[in-house]
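Understanding the architecture of this molecule
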Amino acid sequence: DVFSVSKFDEYPSIFQFIQCDKSLFREVRLPNDVNTYEPGTSISKLWDGSVGPQGYPNIFHSDGNHLAHVLTLDMGRIYDNLAQMEETGRDCCNNPSKFEVWGIADITNAATTLRADNAGWKAESIAKGWTLLREVNRSDNGVNALKVDLISNPPPVRYIRIRVINTTTGSAYSNMSELTFWNKQ
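The structure contained in this document is the topic of the report that follows. Every residue gets a number counted from 1 within its own chain, in the order that chain's sequence is written. Given that this is a predicted model, residues contribute local features only at a pLDDT of at least 70 and side-chain atom pairs are listed and counted only at 80 or more, while totals for whole chains, interfaces and linings are drawn from all residues. Side-chain calculation: all heavy atoms of the structure are included, whereas hydrogens and water are not.

For the rest of this paragraph, the subject is the nonpolar core. Nine residue types can take part in a nonpolar core, namely buried Ala, Val, Leu, Ile, Met, Phe, Trp, Tyr and Cys, and a core is a set of them joined through side-chain atoms within 4.5 Å. Accessibility here uses a 1.4 Å probe with only protein chains present; expressed as a share of the type maximum, an area under 20% marks a residue as buried, one over 50% as exposed, and anything in between as partly exposed. Membership of the largest hydrophobic core comes to 26 residues, with the highest contact counts inside it found for M75, L82, M85, V101, I160, I162 and F181. Note on conventions: DSSP H or I runs of at least 4 residues are helices, E runs of at least 2 residues are strands, and numbering of each starts at the N terminus. Of all the elements in the fold, those that place two or more residues in this core are strand 4 (69–79), strand 5 (82–89), strand 6 (96–104), strand 7 (131–137), strand 9 (157–167) and strand 10 (175–184). Residue contacts follow a heavy-atom distance rule, with two residues in contact if any of their heavy atoms lie within 4.5 Å. Setting aside chain neighbours within four positions, we find F181 in contact with I18, Q19, C20, F25, M75, L82, Q84, M85, V101 and I160. By size, the runner-up hydrophobic cluster in this structure holds 11 residues, among which are V28, W102, A110 and W130.

So this is what it looks like as structure tokens:
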């Protein structure tokens, strides 16, 4: 039998959030990126798979020379719809209370010449092709994991820059335990 209908409903698109593969993540050092407190507290601690707030030395720990400061990572492949990020702080102190998440697909000619504490840094980053994916303002102590949505319809992203503007203690040192990203598919 054949049935004719005057109208039918379309099913909505169903999306899922797929965690980005941390085994592909790598450290990148661009000019004026923050240094670490010591070699054992490098930014690679941010994707070591630790669960929950960690203590020293199992954390990223900046050198404390200045705020704001920026760190860069390569996610190892391009994500076409980077949608969410989770940041977990240190178990005690110097956690970012205000920070920005920036993304770009290719870092060729994308290095900024200004330090992240320069008032012109944001404009220079945009001019170099970076996209501000999220501004995060935490009102807590920054210890526990905080998951946030990134901008809708982002450009393709492979490289991430985290610009730490302030910490919960006001210190120029910043500490984090883990970063996790999800792509919307």
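Strands are treated as partners if at least two bridges between them are detected by DSSP. Strand order across the open sheet formed by five strands is 2-4-9-6-7, with antiparallel pairing between neighbours. Every interior strand has two partners, whereas the edge strands, strand 2 (26–28) and strand 7, have only one. The mean inter-strand angle of the sheet, taken between neighbouring strand axes irrespective of direction, is 25 degrees. For every element, the axis is a line fit to its C-alpha atoms; helices are fit only across the contacting stretch, and the angle between N-to-C directions ranges from 0 to 180 degrees.

Here D149 shows up in strand 8 (residues 146–149). Its relative accessible area of 46% is what places D149 among the partly exposed residues. Put simply, D149 and D63 are 86 residues apart on the chain and 29 Å apart in space, counted from C-alpha to C-alpha. Sequence-distant contacts of D149, that is, excluding residues within four places in its chain, are made with A83, Q84 and R134.

Only a pair of cysteine sulfur atoms within 2.5 Å qualifies as a disulfide here. This structure, assessed with the given rule, holds one disulfide. Residue pairing for C92: its cysteine sulfur links by disulfide to C93, the two sulfurs lying 2.5 Å apart.

In this section: a nonpolar patch on the surface. Exposure above 30% relative accessible area and the absence of a salt bridge qualify a residue for a patch, where like charges join within 9 Å and nonpolar side chains (Val, Leu, Ile, Met, Phe, Trp, Tyr) within 5 Å. Computed by Shrake-Rupley with a 1.4 Å probe, the accessible areas treat only the displayed protein chains as cover when residues are assessed. A pair is scored as a salt bridge if a Lys or Arg side-chain nitrogen falls within 4 Å of a carboxyl oxygen belonging to Asp or Glu. A cluster of nonpolar residues, Y37, Y56 and Y173, forms a patch on the protein surface that exposes about 300 Å² of accessible area. Following the sequence through the fold, Y56 ends up in the loop between strand 2 and strand 3 (60–61). Residue classification places Y56 among the partly exposed positions, given a relative accessible area of 40%.

What follows is about the pairing of strand 10. Of all 10 residues in strand 10, nine are buried; the element is thus mostly enclosed. Relative to strand 10, strand 1 (residues 17–19) runs antiparallel, the two being bridged by three bridges. Within the sheet, the bridge partner assigned to F17 lies in strand 10 and is K184. Looking at chain direction, strand 3 and strand 10 are connected through two bridges and run antiparallel. Bridged to H61 within strand 10 is N175. Pairing of strand 5 with strand 10, which is carried by seven bridges, proceeds in the antiparallel orientation. Opposite Q84, over in strand 10, you have W182 as the bridge partner.

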